[in-house]
Amino acid sequence: MMRTRPLKVALLGCGVVGSEVARIMTTHADDLAARIGAPVELAGVAVRRPDKVRGGVPAELITTDATALVKRGDIDVVVEVIGGIEPARTLITTAFEHGASVVSANKALLAQDGAALYAAADQHGEDLYYEAAVAGAIPLIRPLRESLAGDKINRVMGIVNGTTNFILDKMDTSGAGYSEALDEATALGYAEADPTADVEGFDAAAKAAILAGIAFHTRVRLDDVYREGMTEVTAADFASAKQMGCTIKLLAICERAADGGSVTARVHPAMIPLSHPLASVREAYNAVFVEAEAAGRLMFYGPGAGGSPTASAVLGDLVAVCRNKLNGANGPGESAYTQLPVSPMGDVVTRYHISLDVADKPGVLAQVATVFAEHGVSIDTVRQTGKDGEASLVVVTHRAPDAALSGTVEALRKLDTVRGVASIMRVEGE
Ligand SMILES: NC(=O)C1=CN([C@@H]2O[C@H](COP(=O)(O)OP(=O)(O)OC[C@H]3O[C@@H](n4cnc5c(N)ncnc54)[C@H](O)[C@@H]3O)[C@@H](O)[C@H]2O)C=CC1
Ligand SMILES: N[C@@H](CC=O)C(=O)O
Ligand code: NA
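Residues numbered from 1 in each chain as written. Chains lettered and ligands numbered in written order. Predicted model: local features only at pLDDT ≥ 70, side-chain atom pairs only at ≥ 80, totals over all residues. Heavy atoms only, no water.

For clarity, the threshold we go by: UniProt positions are given in the numbering used here, feature names are shortened, and annotations may be inferred rather than shown by experiment.
As recorded by an unreviewed UniProt entry, the protein carries the name Homoserine dehydrogenase and is attributed to Streptomyces showdoensis. What the UniProt record of the protein gives under Function (unreviewed entry) is the line "Catalyzes the conversion of L-aspartate-beta-semialdehyde (L-Asa) to L-homoserine (L-Hse), the third step in the biosynthesis of threonine and methionine from aspartate." Recorded under Cofactor (unreviewed entry), the UniProt text for the protein is reproduced unchanged: "a metal cation".

Here it is as structure tokens:
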């Protein structure tokens, strides 16, 4: 039976995502009401620039006072799509204090203060949903929190940043320059307000922290995630990757240790074979593999960024939260009971692709091989090309602890015959 009194929604932020949320709420109002069992009404929209024309949003709903909006007392759900840490954090906790549940797309905040936000939601009997925060439109958070809640997840690995995937894809396929591709991604609404968050890997690291926390029922914060961005990936790296039958992707990898006693979370560029499903993830699409004990290997794929796809995830959460409100129920809260420590990157077992500029003279190869052996790192393949007394040596290793691999590289740098380390990249997906 349809309730006649509408559920009231406050929208904080009306940028790339917020404007699409407002549009869909308006154009799909009847369907949303039928699915929820009550009408949903946009009761206020907090913006920073009130003079900007916002088609479809009635002028009387616009306010620059987000705090007053969340304190109104008649708001059922606050949708936070302004981003950043403050004032988003205070607005969300104020919303809980004033009887509203929250839907947010804010991965930066959730990765930093998720535990405190969950605690505030729990204290006030409200919901905190954030499907849009990881991998845009792709249903991933709710499958992990709900559908897979009965299974044991051992690994989550994938592409979780649309902007960097877009840039790497353009560099790989059309030879586009980094800045040109970044400008295009920004114009398409994929990039963060400060795109450094994307290209330096902070956005993906925040998502990795969220995914690891949910998957392994523990607390993982942004600072626990090893992070390397993609700004140093060059055309030469792509050429090297091609010679190996690989491409380069920025990956987020969260793993439970084999003994189950710890977890790791990392974000870095990596070479992956062209035959791997992640290699064919193009443009701003995201794809995430989840490996669970009983379920086996699952793959989630779809648009990972952009206003409309992200709004889809926000609207899905809005419907769920509204249903909970009507039923007097709550969705799942934080599940961090395992309290597993997060191990450092040095303990992670990986493979390296190392490209060295060396002197082309007898004994160099043996010298280089000795350094690998001294660090307990086994070599898989070596490729040498030489010209005019100088040579390029490409070494691909077998799996070894990251600390041993980085120690090897440090020692190689000290050899007189090694003129320089042209590139180092991890190899994944084999
Ligand atoms: N754009 C995308 O593809 C995706 C974005 N997200 C997240 O969604 C959130 C919003 O992202 P976008 O819409 O892309 O950003 P945006 O920068 O286009 O929009 C944010 C809006 O919030 C407004 N704002 C900032 N502070 C405010 C305040 N105190 N009061 C009222 N308005 C304020 C800004 O003026 C801006 O219009 C961020 O947390 C972002 O990380 C998540 C997934 C995908
Ligand atoms: N800037 C992010 C937006 C979605 O989370 C991205 O590019 O993936
Ligand atoms: Na999602």
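There is more to say, and it comes next.
1. What to know about the domain arrangement of the protein
Just so we agree on the cut-off: Domain delimitation in this document rests on an assignment produced automatically or drawn from a domain database. Pairs of residues are marked as contacts when any of their non-hydrogen atoms sit within 4.5 Å. Note: buried area is the sum, over both parts, of the accessible area (probe 1.4 Å) each one loses when the two are combined. What makes a salt bridge here is a side-chain nitrogen of Lys or Arg within 4 Å of a carboxyl oxygen of Asp or Glu, nothing more. In the analysis that follows, any N or O atom pair within 3.5 Å is treated as a polar contact, provided that within protein one partner can donate a hydrogen and the other can accept it, and provided that, for residues neighboring in sequence, both atoms belong to side chains. Here a strand is any run of E in DSSP of at least two residues, a helix any run of H or I of at least four, and the numbering for each starts at the N terminus.
The domains assigned to the protein are domain 1 (7–136 + 307–327), domain 2 (140–303) and domain 3 (345–427). Distance between the C-alpha centres of domain 2 and domain 3: 26 Å. Opposite the 15 residues of domain 2 that make contact, domain 3 presents 10 residues. Overall, the association of domain 2 and domain 3 removes approximately 1100 Å² of surface from exposure, summing both partners, and the carbon and sulfur fraction of that is 65%. The largest share of the area that domain 2 buries against domain 3 comes from M244, R266 and M271, three residues that together contribute 40% of it. Between the two partners, domain 2 and domain 3, sit one salt bridge. Across the contact surface, domain 2 and domain 3 share five residue pairs in polar contact (both at pLDDT 80 or more). Those elements that place two or more of their residues in the side of domain 2 that touches domain 3 are helix 11 (235–243), strand 9 (246–256) and strand 10 (263–273). Among the elements that make up the side of domain 2 that touches domain 3, the one with the highest residue count is strand 10 (six residues).

2. Let's talk about the coordination of the sodium ion (ligand 3)
Counted only if it meets this: Coordination here is defined by N, O and S atoms within 2.8 Å of the metal (3.2 Å for Na, K and Ca), and since water is not considered, a site can look incomplete. Exposure categories follow from relative accessible area, calculated using a 1.4 Å probe and restricted to protein chains: below 20% of the type maximum is buried, above 50% is exposed, and the middle band is partly exposed.
For the sodium ion (ligand 3), the protein coordination sphere consists of E131 (O), E131 (OE), V134 (O), G136 (O) and I138 (O), at 2.4 to 2.7 Å. Sequence positions of the donors to the sodium ion (ligand 3) reduce to the motif E-x2-V-x1-G-x1-I. The same class applies to E131 and to V134, which are both buried.

3. Concerning the site of ligand 2
Stated formally: The nearness test applies per residue and asks whether one of its heavy atoms lies within 4 Å of the molecule or strand. Computed with a 1.4 Å probe, the accessible areas rest on the Shrake-Rupley method; for each residue, only the protein chains presented here act as cover.
Residues in contact with ligand 2 amount to 13 residues; listed here are only the nearest, K107, G162, T163, Y190 and K207. A distance of 3.5 Å separates an oxygen atom of ligand 2 from a polar atom in the side chain of N161. Between G162 and ligand 2, the recorded distance is 2.7 Å, taken from a backbone N or O atom to an oxygen atom. Here ligand 2 has 250 Å² of accessible area as a free molecule, and 94% of this is covered by the chains.

4. Considering the UniProt feature "domain: ACT" (unreviewed entry) in the protein
Mapped onto this numbering, the UniProt entry annotates "domain: ACT" (unreviewed entry) at residues 353–426. Span residues 353–426 is 31% helix and 47% strand, its end C-alpha atoms 6 Å apart.

5. Regarding the environment of T196
Tracing the sequence through the fold places T196 in helix 9 (residues 196–199). Take T196: its relative accessible area is 37%, and that puts it in the partly exposed class. Considering only alpha carbons, one finds T196 and G386, 190 residues apart in sequence, at a separation of 38 Å. Leaving out residues up to four positions away in the same chain, T196 has contacts with G201 and F202.

6. Notes on the layout of surface pockets
To keep it simple, the criterion reads: Detection works on a 1 Å grid of protein atoms alone, calling trapped sets that fit a 1.4 Å probe cavities and calling open sets with protein on both sides within 12 Å along at least five of seven lines pockets, with lining residues defined by an atom within 4 Å of a point. Grid points are joined across faces, edges and corners, and a volume is the space filled by probe spheres set on the points. The residue classification treats Ala, Val, Leu, Ile, Met, Phe, Trp, Tyr, Cys and Pro as nonpolar and Asp, Glu, Lys and Arg as charged. All others, Gly included, are polar.
In this model, the second largest pocket occupies a volume close to 590 Å³. Taken together, 28 residues make up the lining of the second largest pocket; nearest its centre are E232, D237, S423, I424 and M425. At the level of secondary structure, the elements contributing two or more residues to the lining of the second largest pocket comprise helix 11, strand 13 (349–359), helix 14 (402–413) and strand 17 (418–427). Among the residues making up the lining of the second largest pocket, the classes are represented as 12 nonpolar, eight polar and eight charged.

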